[in-house]
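These are the residues of each chain, in order.
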Amino acid sequence: MKTIIKNNYKLFIYIGLIILLLLMVITNTKLANYKNKKIPEVKLKENVNKAKSFAIMIQNENGYEEYKNETWPNEEYKFKEAKCVDNNGALVDKALIYENNKVTLITNQTIYCTLYFDKKNIIDILRENDLNKTLSNEIVGGMYRYQGVGSKEAEDETHKFVNSNYICFGTKDKEECLSQEDKYMYRIIGVSEDNKLKLLKKNIIVDGDFKKIAKNQVYYLKDCGINGINCIWPETLLFKRLNGLTNGSVSGSGFDLNIGKTDGANTNIFLNSKNYPYLNSDSQWNNIIEDYNWPYGDIYIHEDTIINNENIYGIYNNGLTIYQIETGLLPTAKEEYINGNYELIKYSWNDYIKAKIGLMYLHDYFLAYDNFSGADWLGKCNNCLNNWIHNSNNGNENETSEWIITTSGVNQGSYYSIYEIHKLGYISAHELADNFYVRPVFYVKNDIQISGKGTIDNPFIINF
């Protein structure tokens, strides 16, 4: 009997050891599986209980501040990094992954993470909404530029439809902007490396009941001066009227070439004007327009030439070369009065005027299509009627030319002339007293934020 009990006792011990061993194997297997298991993804759009797991810091002017809302930061912010520590305060590397608007934690221990979100730069928002990829990837003529065509029908293998650079200026109300497009809608020519937007008014401005506006009252050299000094861009009536520098006491059509007199020479037509009260000198919108140093000068010659064994560049070039001329990086030529005669001399743009409002340059026009479009020997512009920036692709009547800043200068000692973008797309020169369309251009300071999609029905909205 004792032998049977003793044998049963041993059997129980053996069975117990086997059960204990099995429990250890099962436990270790579960721990191993848990160790490699990912915590489910947390989508950024969802409400989160972050009190015990992580903190969120958002960028402000002085660095970062704690974000205390129960939802993730909105679309004005982008995820920068996460820093995680364990219960002992030791840094835990690679415990958090951010990808495709989702956060995933990978850990087998209790950790505490701080997530950092930076304010998006303007160019980040522009690229997110640039579905056709028309904003250049590299700097082109001093900025990232929208390049392409003005309609879906005009697309080809290399030129896409530019339809994501619409922006409201003068109102933060999208519906107001859409209902008064002539007043508030602009287009983004490009953005500088330091996030300053260069805007072009989508629609032409008017002078009373007149859609065409003269550049200046006079153009003959007897009034402009021997070398045209009184007719350069800062001295023109149009420059002063755009920048709110007249007394605003008279309304009318500006210079009337047919009767040779001024009917509205003292009327402001953009800044400090009746049509655009949001641009009065004391307004917030006026204050976010950059005071910019606008270069100005002449390109008298058409084709490249040689002066004193040096290559001199003319207007029949592509946009990249024209940009270098219009910023003083390449020499061009002009006529100048020397010893009783006008002579063709080497000349570089090195004059600037500090002001808020300007017009397009010739390089803005060419580079809005691609890097290599330009005027050929016939004065034509390659496919420029397809160019998104051309007046005809912005809802305006296409019955006349449009003024730009670039001038031709003194012409054979007779008059002072300036270039314009013809309604057919090519470039030609005219007297300053002609009446053409005007679309103002200006730079916006980089301390703003934008929202929206940049389309014609959902344009970017400026917040400041």
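First, a word on scope: everything that follows refers to the structure included in this document. (Residues numbered from 1 in each chain as written. Predicted model: local features only at pLDDT ≥ 70, side-chain atom pairs only at ≥ 80, totals over all residues. Heavy atoms only, no water.)

### Thoughts on the overall build of the chain
Then, in step 1: Helices and strands together make up the secondary structure of the chain, namely nine helices and 28 strands.
Then, in step 2: Out of the 464 residues in the chain, the part that is buried amounts to 48%.
Then, in step 3: Taking all contacts inside the chain whose residues are at least 6 apart in sequence as the whole, residues at least 24 apart take part in 63%.
Then, in step 4: Per element, the accessible surface of the chain, about 23,500 Å² overall, is 48% carbon and sulfur. (Helix = DSSP H or I, 4+ residues; strand = E, 2+ residues; numbered from the N terminus. Buried < 20%, exposed > 50% of the residue type's maximum accessible area, 1.4 Å probe, protein only. Contact = heavy atoms within 4.5 Å. Areas by Shrake-Rupley, 256 points an atom, 1.4 Å probe, with all protein chains shown as cover.)

### Topic: the pattern of salt bridges
Oppositely charged side chains are able to pair whenever their charged atoms sit close together.
Then, in step 1: In this structure the tally under the stated criterion is 17 salt bridges.
Then, in step 2: The closest approach of N and O atoms between K120 and E128, which form a salt bridge, is 2.9 Å.
Then, in step 3: Across the pair D291 and K356 runs a salt bridge whose closest N-O atoms are separated by 3.8 Å. Of this pair, D291 sits in the loop between α7 (284–287) and β16 (292–296) while K356 is found in the loop between β21 (351–355) and α9 (362–367), placing the two residues 65 residues apart along the sequence.
Then, in step 4: A single salt-bridge network, built from bridges that share partners, covers R145, K198 and D364. (Salt bridge = Lys/Arg side-chain N within 4 Å of Asp/Glu carboxyl O.)

### Observations regarding the side chain of N317
Then, in step 1: One can find N317 in the loop between β18 (310–312) and α8 (319–326).
Then, in step 2: In this structure N317 comes out as buried when scored by relative accessible area, which is 13%.
Then, in step 3: From its side chain, N317 meets the backbone oxygen of G314 in a polar contact 2.8 Å long.
Then, in step 4: If we ignore the near neighbours within four places in the chain, the residues touching N317 are D304, I322, F366, S373, G374 and A375. (Polar contact = N/O pair within 3.5 Å; in protein donor to acceptor, adjacent residues only side chain to side chain.)

### Quick word on the environment of K380
Then, in step 1: Relative to the assigned elements, K380 resides in the loop between α9 and β22 (402–411).
Then, in step 2: Through-space distance from the C-alpha of K380 to that of Y426 is 4.4 Å; in sequence the pair is 46 residues apart.
Then, in step 3: Aside from chain neighbours lying at most four places away, what touches K380 is G374, A375 and Y426.

### Re the sheet that holds β22
Within a sheet, neighbouring strands are paired by backbone hydrogen bonds and run either parallel or antiparallel to one another.
Then, in step 1: Strand order in the open sheet made by the three strands is β22-β23-β24, with antiparallel pairing throughout. A single partner strand is all that each edge strand has here, and the edge strands are β22 and β24 (427–431). Neighbour-to-neighbour, the strand axes of this sheet turn through a mean angle of 35°, independent of strand direction. (Pairing = 2+ DSSP bridges. Axes fitted to C-alpha atoms, helices over the stretch in contact; angles between N-to-C directions.)

### Here we look at the sheet that holds strand β5 (residues 91–92)
Then, in step 1: Spatial strand order, β3-β2-β8-β4-β5: five strands in an open sheet with mixed pairing. Two strands in the sheet have a free side with no partner beyond their single neighbour: β3 (63–66) and β5.

### Describing the pairing of strand β4 (residues 77–86)
Then, in step 1: Bridge count between β4 and strand β8 (residues 111–119): nine bridges; the pairing is antiparallel. The residue bridging K78 from the neighbouring strand is D118, located in β8.
Then, in step 2: Here β4 pairs with β5 via two bridges, running antiparallel. Counted as the bridge partner of V85 is L91 from β5.
Then, in step 3: The loop that links β4 with its antiparallel partner β5 comprises four residues; one of these, G89, has a positive phi angle of about 85°.

### Brief notes about α8
Then, in step 1: Restricting attention to buried positions, one finds in α8 the residues G319, T321, I322, I325 and E326. For α8, the angular spread of the buried residues around the axis is 160°, confining them to a single face.
Then, in step 2: Taken from the residues just after α8, G328 is the one with a positive phi, measuring 80°. (Arc of directions from axis to C-beta.)

### Notes on empty space enclosed by the protein
Then, in step 1: Counted under the stated rule, the structure contains one cavity of 30 Å³ or more.
Then, in step 2: Empty space within the largest cavity amounts to approximately 40 Å³.
Then, in step 3: Taken together, H390, N391, N398, T400, S401, E402, I421, H422 and K423 form the lining of the largest cavity.
Then, in step 4: For the lining of the largest cavity, the class distribution of residues is one nonpolar, six polar and two charged. (1 Å grid on protein atoms, 1.4 Å probe; cavity = no way out; pocket = protein on both sides within 12 Å on 5 of 7 lines; lining within 4 Å. Points joined across faces, edges and corners; volume = space filled by probe spheres on them. Nonpolar A, V, L, I, M, F, W, Y, C, P; charged D, E, K, R; others polar.)

### Here we look at the state of the cysteines
Then, in step 1: Within the structure shown, the criterion is met by three disulfides.
Then, in step 2: In this model C168 forms its disulfide with C177; the gap between the sulfur atoms is 2.1 Å. Its S-S torsion of about -95° marks the bond between C168 and C177 as left-handed, since a negative value means left-handed.
Then, in step 3: Linked covalently through their sulfurs, C224 and C231 form a disulfide whose S-S length is 1.9 Å. Because the sign of the S-S torsion sets the handedness, a value of about -75° for the bond joining C224 and C231 places this disulfide among the left-handed ones.
Then, in step 4: Judged by its relative accessible area of 0%, C224 is buried. (Disulfide = S-S within 2.5 Å.)

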